[in-house]
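# Descriptive structure summary
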Amino acid sequence: MNIEARLPLVPLRDMVVFPSTMAPFVVGRKASILALEATLSTTEKRIFLATQKDPKIDDPTTDEIYHVGVIATVVQNLKLPNQNVKVMVEGLQRARIVSHAETEGFVAVDVEPIDSAYPLTPEVNEYIQKILETFEQYARMSHHLAFEGVMSTLKVEDPDRFADTLASHLLITTVEKQQLLETASPYERLQKLQDFLEIEIDKINLDKRINSKVKKQMERAQKEYYLNEKIKAIHQELGRKDDRTDEVEELKQKIETAGMPKEAKEKALQELKRLETMPGVSAEATVSRNYIEWLVAVPWKKSSKENKDIERAEQILNDDHYGLEKIKERILEFLAVRQLVKGSKGTILCFAGPPGVGKTSLAKSIAKSTGREFVRLSLGGVRDEAEVRGHRRTYIGAFPGQIIQRMKKAGTVNPVFLLDEVDKMAMDFRGDPSAALLEVLDPEQNHAFVDHYLDVEYDLSRVMFIATANVSHTIPAPLRDRMEIIQLSGYTHVEKLHIAKQFLVTKQLAEQGLDPSKISMTDDGISEIVEFYTREAGVRNLEREIGSVFRKVARAVLKSGGEYAVEIDAAKVREFLGKPKFRSHKREERSEIGVATGLAWTEVGGELLSTEVALTRGKGSLTLTGKLGDVMQESARAALTYVRSRSEAFGVEAEFLDKVDIHIHVPEGAIPKDGPSAGITMATSLLSAVTRIPIHRDVAMTGEITLRGKVLPIGGLKEKVLAASRGGIKRVIVPKENERDLDDIPADVRETMEFHLVESMDEVVAIALDGTIAPVVGAKQKLPEPAKTVDGGGTLTH
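First, a word on scope: everything that follows refers to the structure included in this document. (Residues numbered from 1 in each chain as written. Predicted model: local features only at pLDDT ≥ 70, side-chain atom pairs only at ≥ 80, totals over all residues. Heavy atoms only, no water.)

## Overview of the packing of helix H23 (residues 679-691) against helix H26 (residues 761-768)
Packed helix pairs are characterised by how far apart their axes lie and by the angle those axes make with each other. Put simply, the test is: Comment: axis = line fitted to C-alpha atoms, over the contacting stretch for helices; angle = value between 0 and 180 degrees taken between N-to-C directions. Starting at the N terminus, helices and strands are each numbered in turn, a helix being any DSSP run of H or I of at least four residues and a strand any DSSP run of E of at least two. When describing relative orientation, an angle under 35 degrees is termed roughly parallel and one over 145 degrees roughly antiparallel, while 65 to 115 degrees is termed roughly perpendicular and anything else oblique. Handedness of a crossing is defined here by the sense of rotation of the near helix relative to the far one, left-handed for an anticlockwise turn of less than a right angle and right-handed for a clockwise turn. Contact criterion: two residues are considered in contact whenever any of their non-hydrogen atoms come within 4.5 Å of each other.
One can describe the packing of H23 onto H26 by two numbers: an axis separation of 11 Å at closest approach and a directional angle of 60°. Between H23 and H26, the angle falls in the class oblique. Crossing handedness for the pair H23 and H26: right-handed. Contact residues: Ile 680, Ala 683, Thr 684 and Leu 687 in H23; Met 761, Val 764, Val 765 and Ala 768 in H26.

Okay, structure coming up:
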């Protein structure tokens, strides 16, 4: 190992000195000045220069200095007025620190020179020429290099010296220069230099392309600005106004005539003033222009002239809809109040009912009867609060909410505003739209509704809001509290018949291109479709089936050459539509033991529901089948407990019920059933089974039972009674407390039926059973026997 004599160490900041190159720098740190003075005191003036790893450190240790540096001689030195020393050094040879020692305030190091000699072969010479060409390209592209002077220094035949000289002139980082210094092989250094040059050339090309694009954009913008200013000056000289001035004046005129309140007008004029000072092509100008256009487009004072003629409004409602008397009455009440009270608050109604019963079309009829504009907003699936309140203008592409957008579409301040499917809103991380609707639907607050985009108060108090929902229990309670909910039940058989005659048949004849004078449908034909081909609360499927019949008629018309005429009755309906899709529930053919006819409510109307009870030898267990819900199962247990508690009064010993298993079944087991209204039906079936007395086949019943035999009220009485009427039932047992609901039943049905209002099971038993129950004390009841026939072959069901 060839160790040089100990040399003073001077750490360098942000620079690397290469062998065979000259480099000036200023020495200012105390330790460095002492090391320099020690160097200058020698004859050879040799010093070791090494780069700091972190240039921010003022007093680095040897571990914070790269160990590979350069042995150099001090060529010149000049002491500056501030005590710093400016020196010029010449690099001699690479070297590596072997050891170090601190002497007289500075660090001295023992170094080992690094041999970097390399022969100049033809391949190396060719590679050097290639690098020279690349460097020439780089130097010409980076204008801050003294190209000619650098090229003269590179005309050397030593690859080692060439690589070091070239490295010293490249504008690369200190770390990259240190890597070149630590690379002993000149050939490897040449390869790294080639890579560095190519990367730097790519950077310069990229910068030039970017600068060129930026320059073109700036030139275009300056050109447009200059031409716009020139056009403006020409128009001023000619006494004309330019398009920009016309636009501002037009917006100002619209603001003045819009009828805005003071706050909104001030905000619009302020925004217009800002718009005047903006360049017409700027993005901010577009945002301001859109905002002002929305402010002037929303109606502030224009209103529809209301129709206050109650008789005409009633005529329109009757022409458009059959039935719905309660709703029509509520609308006419509203019109009457509007005549008596000026400036009354807007009304907020909610129509709740199954699909297809006419909720949306009824809202349109209300708008027509009141003479107001009609707008509709579907809320189904809406889960973003901004859909109601809008987005703030700070967002790109912001718009007002759907409330303001629909008000703009209406063009008046007092439209009928339909909020469709209000029960199907959702909520997520973007907010709760139902909460945003609270302000809209509150008559005490909606006179000052604030949309996030408009950011001014807007009066919704004159709007007539109508919401629709299939069910009301999914509507949030605070929102439900703000609306007057009007329940729409499904249409009855008679109502569907009238709706089809008045509306659907005529509509479908027109849609299928048929002549009403040649093609008609009888009441029997319509009833056939209602009863056997549809099962719904509304009339949508009824309309589809009527349309299907008329399409087949249309085909027959074309085949016959246009001379085809037909009156479509029940038989023709079956011919056109094929086999019935549903079966009709009728009363039992004979009075039977253990079989009672109950009444059930469904969304598509009422139904007859038979309840069967069978007794078998066993240990007193109860079996319930027919896909019964929890409430219905509890009603069955309550009925059984009631019968057990009154067994002796019914002529049955208590021990008898402990020796039989009871099976209660409600047919059509695939259909879920629930509710308490089958309580008296199951109790009557049980009594019939244990007393062996048949139940009248022309009696249907509904009512909830208690353990003491009390009969409690139920719901859906209108639909249930209509189902009984369709099934041929003439007598219906209903709870006494439901007497008030009999008025809802159509008069023609009421007149043909006999209603028994009861308060206890004793009354039910007296009416329903085809025989009298005699209490038998001391006699034992026989266990059930196999089925036997009575009345000429009828089988009794146990």
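Next comes the rest of the account.
## A look at the sheet that holds strand S7 (residues 348-352)
Filter applied, for reference: Two strands make a pair as long as DSSP finds a minimum of two bridges between them.
Reading across from one edge, S8-S9-S12-S7-S13 is the order of the 5 strands in this open sheet, with parallel pairing throughout. Only two strands of the sheet have a single partner each, and these edge strands are strand S8 (374-378) and strand S13 (484-487). Going from strand to strand, the sheet's axes swing by 20° on average, the running direction of each strand aside. Taken together, the 5 bridges between S8 and strand S9 (residues 416-420) define a ladder with parallel strand orientation. For Phe 374, the partnering residue across the bridge sits in S9 and is Val 416.

## Quick look at the packing of aromatic side chains
Heads up, the condition is: Stacked, edge-to-face and tilted labels apply to pairs of Phe, Tyr and Trp rings (six-membered ring for Trp) whose centres lie within 6.5 Å, assigned for plane angles under 30 degrees, over 60, and everything in between, in that order. Think of it in three bands: residues with accessible area under 20% of the maximum for their type are buried, residues over 50% are exposed, and the middle band is partly exposed, with areas taken using a 1.4 Å probe on protein chains only. When the NZ atom of lysine or the CZ atom of arginine is within 6 Å of a ring's centre and also within 35 degrees of its normal, the charge is said to sit over that ring.
All told, the structure shown has 6 aromatic pairs when counted by the stated rule. Aromatic pair Trp 300 and Tyr 458: ring centres 5.1 Å apart, planes at 65°, arrangement edge-to-face. With Trp 300 in the loop between helix H9 (283-297) and helix H10 (310-320) and Tyr 458 in strand S11 (residues 457-458), this pair connects stretches of sequence that are 158 residues apart. Residue Trp 300 shares its accessibility class with Tyr 458, and that shared class is buried. Over the ring of Tyr 291 we find Arg 393; its NZ or CZ atom is 3.8 Å from the centre of that ring.

## Observations regarding helix H15 (residues 433-440)
Residues spaced three or four apart along an α-helix point in a common direction, a consequence of the helix completing one turn every 3.6 residues. The element H15 is largely enclosed, with a buried count of 6 among its 8 residues. Within the sequence span of H15, burial applies to Pro 433, Ser 434, Ala 436, Leu 437, Glu 439 and Val 440. Where H15 is buried, its residues touch helix H13 (386-389), helix H14 (402-410), S9, strand S10 (449-450), strand S12 (464-469) and helix H16 (477-481).

## Quick word on a nonpolar patch on the surface
Spelled out, the test is: Patches in this entry comprise residues that are over 30% relatively accessible and not in a salt bridge; like charges within 9 Å are linked, as are nonpolar side chains (Val, Leu, Ile, Met, Phe, Trp, Tyr) within 5 Å. For accessible areas, the Shrake-Rupley method is used with a probe of radius 1.4 Å. Any residue's cover is judged against the shown protein chains and nothing else. Any Lys or Arg side-chain nitrogen found within 4 Å of a carboxyl oxygen on Asp or Glu counts as a salt bridge.
The grouping of Leu 206, Ile 210, Val 214 and Met 218 at the surface amounts to a nonpolar patch, some 340 Å² of accessible area in total. With respect to the helices, strands and loops of the structure, Leu 206 is situated in helix H6 (residues 186-238).

## Examining the pattern of salt bridges
Where charged atoms from two side chains of opposite charge come close, those side chains can pair. Within this structure, the stated rule accounts for 29 salt bridges. A salt bridge links Asp 164 to Arg 189; the shortest N-O distance between them is 2.6 Å. Taken together, the positions of Asp 164 in helix H4 (residues 159-169) and Arg 189 in helix H6 put the pair 25 residues apart, joining distant regions of the chain. Note on accessibility: Asp 164 and Arg 189 belong to one class, buried. One connected set of salt bridges, linked through shared partners, spans Arg 94, Asp 160, Asp 164 and Arg 189.

## Overview of a positive patch on the surface
The test is simple: The positive count covers Lys and Arg only, the negative count covers Asp and Glu only, and His and the chain ends enter neither. Lysine's charge is taken at NZ, arginine's at CZ, aspartate's at CG and glutamate's at CD.
On the surface, Arg 209, Lys 213, Lys 216 and Arg 220 cluster together into a positively charged patch. As for its position among the elements, Lys 213 is in helix H6.

## Things to note about unusual backbone geometry
Positive phi values are uncommon outside glycine, yet Lys 45 reaches one of about 50°. Within the secondary structure, Lys 45 is located in the loop between helix H1 (30-40) and strand S3 (46-51). You will see that Asp 455, though not glycine, has its phi angle at about 60°, which is positive. As for its placement among the helices and strands, Asp 455 is situated in the loop between S10 and S11. The exposure class assigned to Asp 455 is partly exposed, which follows from its relative accessible area of 36%.

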